[in-house]
Amino acid sequence: MPPERPKVVIIGAGFGGLDAAKALARAPLDVILVDKQNHHCFQPLLYQVATAALSPADVAWPIRHILRRQENATVLMSEVRGIDTDKRLVHTDSVTLPYDYLVLATGAMHSYFGHDEWAEVAPGLKRIEDATRIRRRILIAFERAELATDESKRRGLLTFVIVGGGATGVEMAGAIAEVARQSLAKDFRHIDPKTARIVLVEAGPRVMPAFPHKLSDYVVRTLTKKGVEVMTSTRVVRCDSRGVDLEQGRIDAGTIIWAAGVMASPAANWLGAEHDRSGRVKVGADLSVPGRPHVFVIGDTATVVDQPHIPGIAPAAKQMGRYVGRLIAARATGRPPLPPFRYRHLGDLATIGRQAAVVKLGALELTGFIGWLFWSVVHIYFLIGVRDRFIVAFTWFWDYLTFQRGARLITQVPPQDRS
């Protein structure tokens, strides 16, 4: 019987976890990838699911299918309950997994800054379930407004508040404006969807703070042209089922979407490791936990002590995943150790809707149609599989020609969304 090979357990099948697993494809190791979902989700396009431009299957793929040709990889659908770093065991809700190397790529969750009770009325956007929930609420708001006989109630139902002026908030605001003013413009008889009020609320002095002021100002101008009200230097002090309270007053709204903040998964608690205020585990230059050289933390779950400003975006997670995979493979085969991890920032980009986007690649800055075209090509390129690239490209082309969104289905309406 051949000797048992070292085991690498990777928790989380997001961008970082998948790239770590793929980097170990030829290593003499057994790779076990654990995730509580059976699919990998392309989070940058979740807002398009939430606004009925794409279907869930267009932005998510079964993990087993992605790794089907990697013979040393096993996929387990299970939820992690805890980690024993002394005995090197991962405890899940169904099995206990021994490991020689452990990689935590468990991502981030929504942060409501101490007001977790807001989560029910102001859902965020991290998973497919979040996207379909938000899509349902947006579409139901128009349906209920069509039935409303009281004008003030109708105005409230047709008011949408997005909290947070980062990329997700800006993309959501622009997309909802297009849903109201283009896709649904002629679908109703008693309401005019074009009268919908879309408000983007940002606590900081400007939206898209990662971009230069010039591009940030372009975003505001473009959103304003689309009919979005942009409120900066404005803090939300309370959310409820009928609207939001701001420092400057109240906005009655039928739909609230949270895009204001994130916090890391419970990985730091599982490990008993030092972490920052957002719960991200502090890791060393090789992305390992100090004092535990066999435990690595990557992506949104980690903060690198000597590189604290690595953004929580997909390219960063992918770079960290590939690095850790190669590092573990080098250790397992006795090759020289890799140099410390260094993040390479490839640029920033976000779309504001039809024919409008902002791109910052070093000294290169793009806006308008060219920026939007570049944004589209990049996102199609990073989708998994030729089929999905073709489907998304065709869907966007058709939407561009017809101004229509084909995924406008309302399903599984829970009691709280019926009232």
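The rules behind the values
- Residues numbered from 1 in each chain as written.
- Predicted model: local features only at pLDDT ≥ 70, side-chain atom pairs only at ≥ 80, totals over all residues.
- Heavy atoms only, no water.
- Helix = DSSP H or I, 4+ residues; strand = E, 2+ residues; numbered from the N terminus.
- Expected span 1.5 Å × (residues − 1).
- Buried < 20%, exposed > 50% of the residue type's maximum accessible area, 1.4 Å probe, protein only.
- Arc of directions from axis to C-beta.
- Pairing = 2+ DSSP bridges.
- Axes fitted to C-alpha atoms, helices over the stretch in contact; angles between N-to-C directions.
- Contact = heavy atoms within 4.5 Å.
- Phe/Tyr/Trp six-rings, centres within 6.5 Å; stacked < 30°, edge-to-face > 60°.
- Patch = residues over 30% accessible without salt bridge, like charges linked within 9 Å, V, L, I, M, F, W, Y side chains within 5 Å.
- Areas by Shrake-Rupley, 256 points an atom, 1.4 Å probe, with all protein chains shown as cover.
- Salt bridge = Lys/Arg side-chain N within 4 Å of Asp/Glu carboxyl O.
- Core = buried A, V, L, I, M, F, W, Y, C linked by side-chain atoms within 4.5 Å.
- Parallel < 35°, antiparallel > 145°, perpendicular 65-115°, else oblique.
- Left-handed = near helix turned anticlockwise from the far one by under 90°.
- Nonpolar A, V, L, I, M, F, W, Y, C, P; charged D, E, K, R; others polar.

Helical geometry: 3.6 residues make up each α-helical turn, so side chains three or four residues apart lie on a common side. Given a rise of 1.5 Å per residue, 13 residues ought to cover 18 Å, and the 18 Å separating the end C-alpha atoms of helix 7 (residues 213-225) matches this to within 8%. Those residues of helix 7 not exposed but buried are Leu215, Ser216, Tyr218, Val219, Thr222 and Leu223. Mapping the buried residues of helix 7 onto a view down its axis gives an arc of 155°, with all of them on the same face. Of the exposed residues in helix 7, those oriented more than 90 degrees away from the buried face are His213, Lys214 and Lys225. Immediately beyond the C-terminal end of helix 7, within one or two residues, lies Gly227, with a positive phi of roughly 95°.

What follows is about the sheet that holds strand 8 (residues 96-98). Read across the open sheet, the three strands follow the order 6-7-8; overall the sheet is antiparallel. Looking at strand neighbours, the two that pair on one side only are strand 6 (80-84) and strand 8, the edges of this open sheet. Averaged over all adjacent pairs, the angle separating strand axes in this sheet is 20°, with direction ignored. The sheet contact formed by strand 7 (residues 89-92) and strand 8 spans three bridges and is antiparallel. Bridge assignment links Leu89 to a residue of strand 8, and that residue is Pro98.

Moving on: the sheet that holds strand 17 (residues 255-258). Pairing in this open sheet of four strands is parallel, and the strands run 13-12-11-17 from one edge to the other. Two strands bound the open sheet, and with one partner strand each, they are strand 13 (228-231) and strand 17. Neighbour-to-neighbour, the strand axes of this sheet turn through a mean angle of 15°, independent of strand direction. Alignment of strand 11 (residues 159-163) against strand 17, held across four bridges, turns out to be parallel. Looking across to strand 17, one finds that Val161 is bridged to Ile256. Contacts from helix 6 (residues 167-183) reach strand 11, strand 12 (197-201), strand 13 and strand 17 within the one sheet, and its direction differs from that of strand 12 by about 175°.

Evaluation of the coordinates by the stated rule reveals ten aromatic pairs. Centre to centre, the rings of Phe15 and Phe42 are 5.7 Å apart; their planes meet at 75°, and the pair counts as edge-to-face. Of this pair, Phe15 sits in helix 1 (residues 15-23) while Phe42 is found in the loop between strand 3 (39-41) and helix 2 (46-50), placing the two residues 27 residues apart along the sequence. Across this residue pair, the class does not change: Phe15 and Phe42 are buried.

Moving on to a nonpolar patch on the surface. A cluster of nonpolar side chains, contributed by Phe369, Ile370, Leu373 and Val377, occupies part of the molecular surface with about 360 Å² of accessible area. Position of Phe369 among the secondary structure elements: in helix 10 (residues 368-382).

Membership of the largest hydrophobic core comes to 116 residues, with the highest contact counts inside it found for Ile83, Leu102, Leu104, Phe142 and Met172. Element by element, the count of residues in this core is highest for helix 9 (residues 314-333), at nine residues. If near-sequence neighbours (up to four positions away) are discounted, Ile83 is found in contact with Ile11, Leu89, Val90, Tyr99, Leu102, Leu104, Trp270 and Leu271. By size, the runner-up hydrophobic cluster in this structure holds 16 residues, among which are Val121, Val161, Val236 and Ile256.

Should the charged atoms of two oppositely charged side chains come close, the side chains can pair. Summed over all chains, the structure comprises 20 salt bridges. When the shortest N-O distance is used, the salt bridge between Glu120 and Arg137 registers 3.5 Å. You can see Glu120 sitting in the loop between strand 10 (108-110) and helix 4 (128-147) and its partner Arg137 sitting in helix 4, a full 17 residues away along the chain. Take Glu120: its relative accessible area is 40%, and that puts it in the partly exposed class. For Arg137, a relative accessible area of 14% translates into the label buried. Glu229 serves as the salt-bridge partner of Arg197, at 2.7 Å between the closest nitrogen and oxygen. With Arg197 in strand 12 and Glu229 in strand 13, this pair connects stretches of sequence that are 32 residues apart. Arg197 sits in the partly exposed class, given a relative accessible area of 32%. By sharing partners, the salt bridges in this structure join Arg238, Asp240, Asp245, Arg250 and Asp252 into a single network.

Here we come to helix 9. Its 20 residues give helix 9 an end-to-end C-alpha distance of 29 Å, which sits within 8% of 28 Å, the value for a rise of 1.5 Å per residue. Counting buried positions over the 20 residues of helix 9 gives 14, a clear majority of the element. Gly334 lies just past helix 9 and shows a positive phi near 75°.

Relative to each other, helix 1 and helix 9 sit at 30°, their axes nearing to 7 Å. If you check the angle between helix 1 and helix 9, you find them roughly parallel. Helix 1 and helix 9 meet at a crossing whose hand is right-handed. Residues Phe15, Gly16, Asp19, Ala20 and Ala23 of helix 1 form the contact with helix 9, whose own contacting residues are Ala314, Ala317, Lys318, Gly321, Arg322, Gly325 and Arg326. For the contact of helix 1 with helix 9, the class distribution of residues is five nonpolar, three polar and four charged.

Let's shift gears to the pairing of strand 24 (residues 356-361). Pairing analysis gives five bridges linking strand 23 (residues 348-353) to strand 24, with the strands arranged antiparallel. Across the sheet, the residue bridging to Leu349 is Val359, located in strand 24. Taking the residues between adjacent antiparallel strands as the criterion, strand 23 and strand 24 are bridged by two residues, where Gln355 takes a positive phi near 60°. When strand 24 meets strand 25 (residues 364-367), the two strands line up antiparallel, connected through four bridges. Residue pairing across strands places Leu361 opposite Leu364, the latter belonging to strand 25. Here strand 24 folds back onto strand 25, and the loop between the two strands holds two residues, one of which, Gly362, carries a positive phi near 60°.

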